[in-house]
Amino acid sequence: MAGALCLMSCNNETNITDPETDSDEGRITLELADATVMTYSTADEEECKINYLWVLEFNGEALVNDTLITGDQILGNGAATQLLPQLPFKPENGHRIVLIANSDAMTFPHPNRSSIQYSNINTYFPLYMGYYGIWYAVLPMYGEIASWPGGYSCEMTRAVAKIQVQLGENYSDVTGTFNAENVIWGMNYLGNGGYIQPRLPLQGIPIIAPGGGGGNGMSTFLPLLQNYDPDLLQFRSLYIQEYPSSTTTGISGDPSVPENVFARHRQCILLQNNVAGWYRLDFYDPVTRKFIDTKRNHHYIFTIHRVNSEGYGDLYQALNNPGSNIEYTIEIRDGARHITSNGQYAVVSSVDTAYVAAPATAVTVCTARYQLPAEMSALGLWENTPNTITFTDVVPDNPSSITLVSPPPTPYFTDPYFASQLTATSVPIVVTTTAAFQSARIKMQVGNISHYVVLKKK
C-alpha cells in the first residue's frame, strides 16, 4: 500500500475580459482550481459546470442581499474561468460575498431567507449528491470573497472528493485473471453527512449519499480506468462528501477509532474480480502508518501494482479483513502538499500545481524532497536508487520552452532533461520559461516512484 497525491482539472477554457478593467465594474470572475488539462488528470467539462449559483452578501452574520443565477447566464460555464452577469445589487465595501453552486436550494427567493446567517449556511444549502458520475449531474462548489471588493475574482472549491481506481503500468498478477475486463469496484461505508461550506469537524448534516443508498450502503460498481468507455455512459469516477474516515467508521453510533488501527467498518473500496474473488483497499498512508480522511476538492487515484493471491471468497470477508493480498498506491492531489509513496519511501512537494509567467527567468515554482524512513536508511541502499528530475507533457510540443535551473546538474547526467536530483532536505525547484511556454509537468523519479508537479502559464 502507499500514499501519494492528484486533483481535478478542466479542459474547456474560455477567454473572458478581466472584470477589473471591464466597463461593468463589479462583475465577479469564478476561478476553478487546477482548471486546465492536457496534463495529468483531465477533468470533464461537467466537473466545472454550474446549474444554479447563489450569491449572498453578509454583513457579519446578517444576510443583507442575495440572488440566484442560472447556468445559462454565466459566460464560459463549464470552463476554468467563468464570468457572472452584473449582480442586481451593489455589495458594500467590507461585506462578505458567498457563492454556492449546485446546491439543492434552487428556488428564489429562498423559503428560509429570514433565517439564513453566515454561520448556518450548511443548514439551508444542502449538497446536491444523488449521483456517482457526472454525465447527468453536477458537482457542488463553494467560494468566498472575505471582504468586498478585494478584487473581483473568487476561487470555487468543490465540496466533494473524487475517487478513481486503475491498474499500474507494469502491474503483476499471480492469479492470471486480475485485469480491466474482469474487475469492477465500488465503495462501502460512505458516511452520512457533509457540508457545502468548509467547516470542521468534517462530518456534518445528513445528506443524500451517492446513489441515494444511505450512509452505510454500497455504492454502484464502476470500471477500472483502463476499461472505461464513455460511449456506454459509464461512470469512471465516484464523488463522495468529505468524511473523517481516519478516526470514524461509516456505521452510525460507532465509537471513534485510532487512526493507526485497522477497523472493518472504516470507509473503503471493494474490488470484485468475477474469477478470483474480492479485494479491499483502504485510505491508508504507509509512510505515516495512519488512515486518512477523504477531503473536499481532493482527487484520490488508487493504482494497483501487484495482486499476490486470489481474493476473499465473498463481499463480507473482504469488508471484515485488511487488504493484505494486494499492493497499491494512493495518489492524492490537494493543492497544498503533494506526496507520492510506495510504502517504503516517498517524494513530497510543497504544491501539486504551480503557475509561472512566460517568459520568466529563474522562478521558484515549489520545493521538493524525498522522505526516507529510518529503517530503510539503515540498510545503506539509497545510494543506488534512481533519482532524476525531468519535464514531461510540454504543451505545445516545445521542450526548449522550459528549462530547469535548480537544483544544479549532477555529474551523473549530461542530458538537460535529467538535470538534478532530490535530497532528504527540501530544495527549491527553479525554472526558466520562454514566451512559447504553455504548460508541462515536472517529473521527479525516485526509485520506483514517479512524482509530478503540474506547471501552467500564469
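Residues numbered from 1 in each chain as written. Predicted model: local features only at pLDDT ≥ 70, side-chain atom pairs only at ≥ 80, totals over all residues. Heavy atoms only, no water.

A word on the overall build of the chain
Part 1 of the reasoning: Secondary structure summary: the chain contains three helices and 26 strands in total.
Part 2 of the reasoning: Every one of the 458 residues in the chain was classed for burial, and the buried ones make up 55%.
Part 3 of the reasoning: As displayed, the chain has an accessible area near 18,900 Å², and 49% of this comes from carbon and sulfur atoms. (Helix = DSSP H or I, 4+ residues; strand = E, 2+ residues; numbered from the N terminus. Buried < 20%, exposed > 50% of the residue type's maximum accessible area, 1.4 Å probe, protein only. Areas by Shrake-Rupley, 256 points an atom, 1.4 Å probe, with all protein chains shown as cover.)

Focus on the pairing of strand β1 (residues 29-32)
Part 1 of the reasoning: Relative to strand β4 (residues 81-83), β1 runs antiparallel, the two being bridged by three bridges. The residue bridging T29 from the neighbouring strand is L83, located in β4.
Part 2 of the reasoning: Taken together, the four bridges between β1 and strand β7 (residues 153-158) define a ladder with parallel strand orientation. The residue of β7 that forms the bridge with L30 is C154. (Pairing = 2+ DSSP bridges.)

Some thoughts on the sheet that holds strand β13 (residues 277-282)
Part 1 of the reasoning: Strand order in the open sheet formed by four strands is β10-β9-β12-β13, with antiparallel pairing between adjacent strands. The open sheet is flanked by β10 (222-223) and β13, the only strands paired with a single partner.
Part 2 of the reasoning: In terms of strand pairing, strand β9 (residues 183-188) meets strand β12 (residues 268-273) through six bridges, oriented antiparallel. Within β12, the position partnered with G186 by the bridge is L270.

Focus on the packing of aromatic side chains
Part 1 of the reasoning: Within this structure, the stated rule accounts for nine aromatic pairs.
Part 2 of the reasoning: Taken together, a centroid distance of 5.7 Å and an interplanar angle of 75° make the contact between F58 and Y118 edge-to-face. One end of the pair, F58, is in strand β2 (residues 52-59); the other, Y118, is in the loop between β5 (96-101) and α1 (121-124), with 60 residues separating them in the sequence. Pair check on accessibility: F58 and Y118 agree, each one buried. (Phe/Tyr/Trp six-rings, centres within 6.5 Å; stacked < 30°, edge-to-face > 60°.)

Here's the deal with the environment of I196
Part 1 of the reasoning: Here I196 shows up in the loop between β9 and β10.
Part 2 of the reasoning: Given a relative accessible area of 1%, I196 falls into the buried group.
Part 3 of the reasoning: The spacing of I196 and A159 is 37 residues in sequence and 5.5 Å in space, taken between C-alpha atoms.
Part 4 of the reasoning: Non-local contacts of I196, meaning those with residues more than four positions away in its chain, are made with I100, A101, S103, I121, N122, F125, L127, P140, M141, Y142, A159 and R296. (Contact = heavy atoms within 4.5 Å.)

Observations regarding the pattern of salt bridges
Part 1 of the reasoning: In this structure the tally under the stated criterion is seven salt bridges.
Part 2 of the reasoning: A salt bridge links K162 to E47, with the nearest nitrogen and oxygen atoms 3.0 Å apart. Of this pair, K162 sits in strand β8 (residues 160-173) while E47 sits in the loop between β1 and β2; the two residues are 115 residues apart in sequence, bridging distant segments of the chain. E47 matches K162 in its accessibility class, with the two residues each being buried.
Part 3 of the reasoning: R96 is the partner of E144 in a salt bridge, and the nearest nitrogen-oxygen pair spans 2.8 Å. Separated by 48 residues along the polypeptide, E144 in strand β6 (residues 141-145) and R96 in strand β5 bring together distant segments of the chain. (Salt bridge = Lys/Arg side-chain N within 4 Å of Asp/Glu carboxyl O.)

Looking at the pairing of β5
Part 1 of the reasoning: Counting buried positions along β5 gives five out of six residues, so the element sits mostly inside the fold.
Part 2 of the reasoning: In the sheet, β2 pairs with β5 via six bridges, with the strands oriented antiparallel. Note on β5: the bridge partner recorded for L56 is V98.
Part 3 of the reasoning: Across five bridges, the pairing between β5 and β6 is antiparallel. Within β6, the position partnered with V98 by the bridge is E144.

Description of the sheet that holds strand β22 (residues 387-395)
Part 1 of the reasoning: An order of β20-β26-β25-β22 is seen for the four strands of this open sheet, with the pairing classed as mixed. Of all strands in the sheet, those with a lone pairing partner are β20 (353-356) and β22, marking the two edges. Across the sheet, the mean angle separating the axes of adjacent strands is 25° when strand polarity is ignored.
Part 2 of the reasoning: The sheet contact formed by β20 and strand β26 (residues 449-457) spans four bridges and is parallel. Looking across to β26, one finds that Y355 is bridged to K456. (Axes fitted to C-alpha atoms, helices over the stretch in contact; angles between N-to-C directions.)

Examining the environment of L63
Part 1 of the reasoning: Considering the arrangement of structural elements, one finds L63 in strand β3 (residues 62-70).
Part 2 of the reasoning: Residues L63 and H95, 32 residues apart in the sequence, show an inter-C-alpha distance of 10.0 Å.
Part 3 of the reasoning: Among all residues touching L63, those that are not within four sequence positions of it are L56, E57, F58, R113 and I116.

Some words on the side chain of T303
Part 1 of the reasoning: As for its placement among the helices and strands, T303 is situated in strand β16 (residues 299-307).
Part 2 of the reasoning: One polar contact links T303 to Q166, side chain to side chain, over a distance of 3.0 Å. (Polar contact = N/O pair within 3.5 Å; in protein donor to acceptor, adjacent residues only side chain to side chain.)

Some words on the side chain of E242
Part 1 of the reasoning: Structurally, E242 can be placed in the loop between β11 (238-241) and β12.
Part 2 of the reasoning: What makes E242 buried here is its relative accessible area of 4%.

Topic: the environment of G311
Part 1 of the reasoning: With respect to the element layout, G311 can be found in the loop between β16 and α2 (315-319).
Part 2 of the reasoning: Owing to a relative accessible area of 19%, G311 belongs among the buried residues under this scheme.
Part 3 of the reasoning: In sequence terms G311 and L271 are 40 residues apart; their C-alpha atoms lie 9.0 Å from each other.
Part 4 of the reasoning: Leave out the neighbours within four places in its chain, and G311 touches A276, G277, W278, Y279 and N325.

Topic: the confidence of the model for the chain
Part 1 of the reasoning: Confidence along the chain averages 78 in pLDDT terms, with 76% of residues attaining 70 or more.
Part 2 of the reasoning: Per-residue pLDDT stays below 50 along residues 1-23; that stretch engages in 109 contacts with residues further than four places along the chain or on separate chains.
Part 3 of the reasoning: In the model, residues 204-215 has pLDDT below 50 throughout and makes 39 contacts with residues more than four positions away in sequence or in other chains. (pLDDT = per-residue confidence, 0-100.)

A look at unusual backbone geometry
Part 1 of the reasoning: Here V395 and P396 are connected by a cis peptide whose omega angle stands at -5°.
Part 2 of the reasoning: By the secondary structure assignment, P396 is in the loop between β22 and β23 (402-406).
Part 3 of the reasoning: The phi angle at A362 is positive, at roughly 50°, despite the residue not being glycine.
Part 4 of the reasoning: Mapped onto the secondary structure, A362 falls in strand β21 (residues 360-371).
Part 5 of the reasoning: Under the relative-accessibility criterion, A362 is labelled partly exposed at 45%.
Part 6 of the reasoning: Look at D393: it is not a glycine, yet its phi comes out positive at around 50°.
Part 7 of the reasoning: With respect to the element layout, D393 can be found in strand β22.
Part 8 of the reasoning: Overall, the relative accessible area of 34% leaves D393 in the partly exposed class.

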